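Chain and residue survey
If you want the building blocks of each chain, they are given just below.
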Amino acid sequence: MSDPAFEYAPIGLVELENRVIRRCNLQFARMFGGEEPEYRNMPLLHLYPSVADWERIGARGLQVMRETGYYTDERVMRRRNGDLFWCRARGRSLTPDDPFRHGIWSFSDISEERPIVELTPREREVAILSCRGLSAKEIGAELGLSYRTIEAYRARLLEKFGARKLSELVAKLSGMPL
């Protein structure tokens, strides 16, 4: 049975079971490249930049979803052709007792608002947590690193993005006009 609201939504939608795509809509397939049937039964892992990113984001998302049943973030994802792009992901569990067992997720391509700069997985983590307003000490505590190490990552990010100070870096990372 066809569901036009799902199929033709102007945002990428997927139904996941244990982080495996059971169905997706046309916009999701366009965003990641290819046709809708190619995504059926595909592990979402194939659309992450790395296994480490998939594991890290999954662990963070699972923790939040156990508490709220809902998760949202902005992350770098990988198209089927290998290109990386910024994506806003939002998910709601249909099985709160086991959040990843069954859920509906939306994905929005926000790459026009955000530059893609080649970052290591750790630089991406520091960038994302910096955008959430965490201090170097808070980021260090969350990642199990010293605040000096976080400051070194931030210095590299400032250089890569051509920013003079942290607020300018956050503005560039969040796509805000300067």
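Above this text is the structure in question.
Everything in this summary refers to the structure shown in the same document. Remember, it's a predicted structure, so these values are computed and weren't measured experimentally.

The rules behind the values
- One numbering rule holds for all chains: residues counted from 1, following each sequence as written.
- Selection of residues for local features in this predicted model requires a pLDDT of at least 70, selection of side-chain atom pairs for listing and counting requires 80 or more, and totals for whole chains, interfaces and linings are taken over all residues.
- Side-chain numbers here rest on the full set of heavy atoms in the structure, without hydrogens or water.
- By salt bridge we mean one thing: a side-chain nitrogen of Lys or Arg within 4 Å of a carboxyl oxygen of Asp or Glu.
- Throughout, exposure labels follow a simple rule: accessible area from a 1.4 Å probe, protein chains only, divided by the maximum for the residue type, with under 20% read as buried, over 50% as exposed, and the rest as partly exposed.
- Strands are runs of DSSP state E lasting at least 2 residues, helices are runs of H or I lasting at least 4, and numbering of each runs from the N terminus.
- When DSSP finds two or more bridges between a pair of strands, those strands are recorded as paired.
- Axis definition: a line fitted to C-alpha atoms, over the contacting stretch in the case of helices. Angles run 0 to 180 degrees between N-to-C directions.
- Only heavy atoms enter the contact rule, under which two residues are in contact if any of them lie within 4.5 Å.

With that settled, the discussion passes to the pattern of salt bridges. According to the stated counting rule, one finds 16 salt bridges in the structure shown. Among the ionic pairs, Arg40 bridges to Glu36, the shortest N-O distance being 2.7 Å. Looking at Glu36, the relative accessible area reads 10%, which means it is buried. In this structure, the salt-bridge partner of Arg88 is Glu74, at a minimum N-O distance of 2.8 Å. A residue pair is termed long-range when its members are at least 10 positions apart, and Arg88 in strand β4 (residues 84-93) and Glu74 in strand β3 (residues 70-78) qualify at 14 residues. Taking relative accessible area as the criterion, Glu74 reaches 22% and is therefore assigned partly exposed. In this structure, a network of salt bridges that share partners links the residues Asp53, Arg56, Arg122, Arg124 and Glu125.

We now examine the sheet that holds strand β2 (residues 20-24). Hydrogen bonds along the backbone pair up the strands of a sheet, which may run parallel or antiparallel. Spatially, 5 strands are ordered β2-β1-β5-β4-β3 in an open sheet, and the strand pairing comes out antiparallel. A strand with exactly one partner marks an edge of an open sheet, and here the two such strands are β2 and β3. Along the sheet, successive strands turn relative to each other by an average axial angle of 30°, direction set aside. Relative to the sheet, helix α3 (residues 51-68) contacts β3, β4 and β5 (103-109), its axis offset from that of β3 by approximately 165°.

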